Amino acid sequence: MTENVWQRWPSREALSRAGVPRARRGLATAARVVAVGVLLGTTFTGSDLHGWGVAVAVPAVLVCGAGLWGFRRTTLEHRLLPSLGLLALLLGVGLAAQGAGVRVPALVLWCVCGIAAMERLPLVAALPATSAALGAYAVVSDDSWPAVMATTGGLALLGYVLRLDAEARGTTQRLLVQERAARAAEAKTAALAERARIAREIHDVLAHSLSAQLVHLEAARLLIEKGAEKGQILDRVVAARGMAREGLAETRQALSALRGELSPVEEFLTELVAQADEADVTVTGERRPLPAEVSQAVRRVAQEALTNVRKHAPGAKVRIRMDYGRSEVMLHVRDSGAPPGEFTHSGAGYGLLGMRERAELLGGSLEAGPYEEGFAVTLKVPV
């Protein structure tokens, strides 16, 4: 059930000093010290307190100080009965001071109690407490009734304004806490996403490399069982070793890409084409740095496309075109000799089907299929 506004306490953030600038806290403390000093000086020099009167006044001042401090603590802890008890004690001390002829401190104490009650108590308790404190002030005051009414109304309004100001500060503090929590959750989510991205990169590289090594090692095993020549077996082992080296190099390359340490994509494509026969690359558009994930997707698709050309159409001429558009980059790889038909990806999760998933995660698309007499792969990724 929703708590009634009349029964609701000001928040603990509002009742504490959280969010109050240090300079403002220091100024408020200095103002209180000066006010108390002036009040005590006026009391002991301008009244008829002598002898036992002074001896009683000193403990009364200490009781008032302890009562105000205790009232602040109990209201901070939202303890209603102890707060009302301390407030009644302070009002009683004011009545005793008035009876002893110490009029000014009594008036000030009642005013402070009225303001503090309105500022720190639930409204259902604050209104009666403030009325009692300011009512005592009104009865004792020598001012005219219009002046007394204006003074008591102004003090009650001051207490309510302080209450609203404290609530606004408390709301700000709660929002700051929520914002910090949201930022921490966002950072944690980003870290998990980064781990998933790294895991996906390493999975793609190792799946391709290990599957190729497995093929060569299985072939070497079969050759050994058939008693093949040493040279044939050695060729398969050397090929497996080469695949292992390439896999290690690609793993390092993937990690470098994630750290933003790779060379531009067009340089990578040029180096990739230099290792292939009958291949060329064309780059159009305004060249610019790409995000790590986009750069890695382009590299992976180009590498996978050339790998499959070697597998399905060895010796075919390959053309690679990369276009830097305003809102996206496009990579188009086509060969002139791949037979038409469905594409079979090599390695679990590393083929063009895996690349299509990677492109979709980036908000792009990947199309692969027959093109004229050969096979074409087109990647489009927004930037």
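Heads up: the structure comes first, above all this text.
**Examining the overall build of the protein chain**
- When you go through the protein chain residue by residue, the secondary structure sums to 11 helices and 5 strands.
- Classification of the 383 residues of the protein chain by burial places 37% in the buried group.
- Intrachain contacts of the protein chain at a sequence separation of at least 6 include 69% that bridge at least 24 residues.
- Surface accessibility of the protein chain: about 21,900 Å² in total, with carbon and sulfur atoms responsible for 61%.

**Side note on the packing of helix 5 (residues 103–120) against helix 6 (residues 123–140)**
- Direction vectors running N to C along helix 5 and helix 6 enclose 160°, while the axes themselves pass 8 Å from each other. The orientation of helix 5 with respect to helix 6, classified from their angle, is roughly antiparallel. Crossing hand, helix 5 versus helix 6: left-handed. Here Arg103, Leu107, Trp110, Cys111, Cys113, Gly114, Ala117 and Met118 of helix 5 come into contact with helix 6, specifically with Leu123, Ala126, Leu127, Ala129, Thr130, Ala133, Leu134, Ala136, Tyr137 and Val140.

**Things to note about the pattern of salt bridges**
- Applying the stated rule across the entire model yields 7 salt bridges.
- Here glutamate 218 ties to arginine 221 by a salt bridge, and the two come within 2.4 Å at their closest N and O atoms. Of this pair, glutamate 218 and arginine 221 both sit in helix 7 (residues 145–225), 3 residues apart, which is roughly one turn of that helix.
- Look at glutamate 218 and you get partly exposed, because its relative accessible area is 34%.
- Under the relative-accessibility criterion, arginine 221 is labelled partly exposed at 38%.

**With respect to the nonpolar core**
- With 33 residues, the main nonpolar core has Leu269, Ile320, Met322, Leu331, Leu366 and Leu379 as its most contacted residues.
- It is helix 10 (residues 292–312) that contributes the most residues to this core, 8 residues altogether.
- Excluding residues that lie within four positions of it along the chain, leucine 379 makes contacts with Ala297, Val298, Val301, Val329, Met330, Leu331, Ala359, Ser365 and Leu366.
- Leu90, Leu107, Ala129 and Leu134 belong to the second-largest nonpolar core, a separate cluster that totals 29 residues.

Procedures and definitions
Residues numbered from 1 in each chain as written. Predicted model: local features only at pLDDT ≥ 70, side-chain atom pairs only at ≥ 80, totals over all residues. Heavy atoms only, no water. Helix = DSSP H or I, 4+ residues; strand = E, 2+ residues; numbered from the N terminus. Buried < 20%, exposed > 50% of the residue type's maximum accessible area, 1.4 Å probe, protein only. Contact = heavy atoms within 4.5 Å. Areas by Shrake-Rupley, 256 points an atom, 1.4 Å probe, with all protein chains shown as cover. Axes fitted to C-alpha atoms, helices over the stretch in contact; angles between N-to-C directions. Parallel < 35°, antiparallel > 145°, perpendicular 65-115°, else oblique. Left-handed = near helix turned anticlockwise from the far one by under 90°. Salt bridge = Lys/Arg side-chain N within 4 Å of Asp/Glu carboxyl O. Core = buried A, V, L, I, M, F, W, Y, C linked by side-chain atoms within 4.5 Å.

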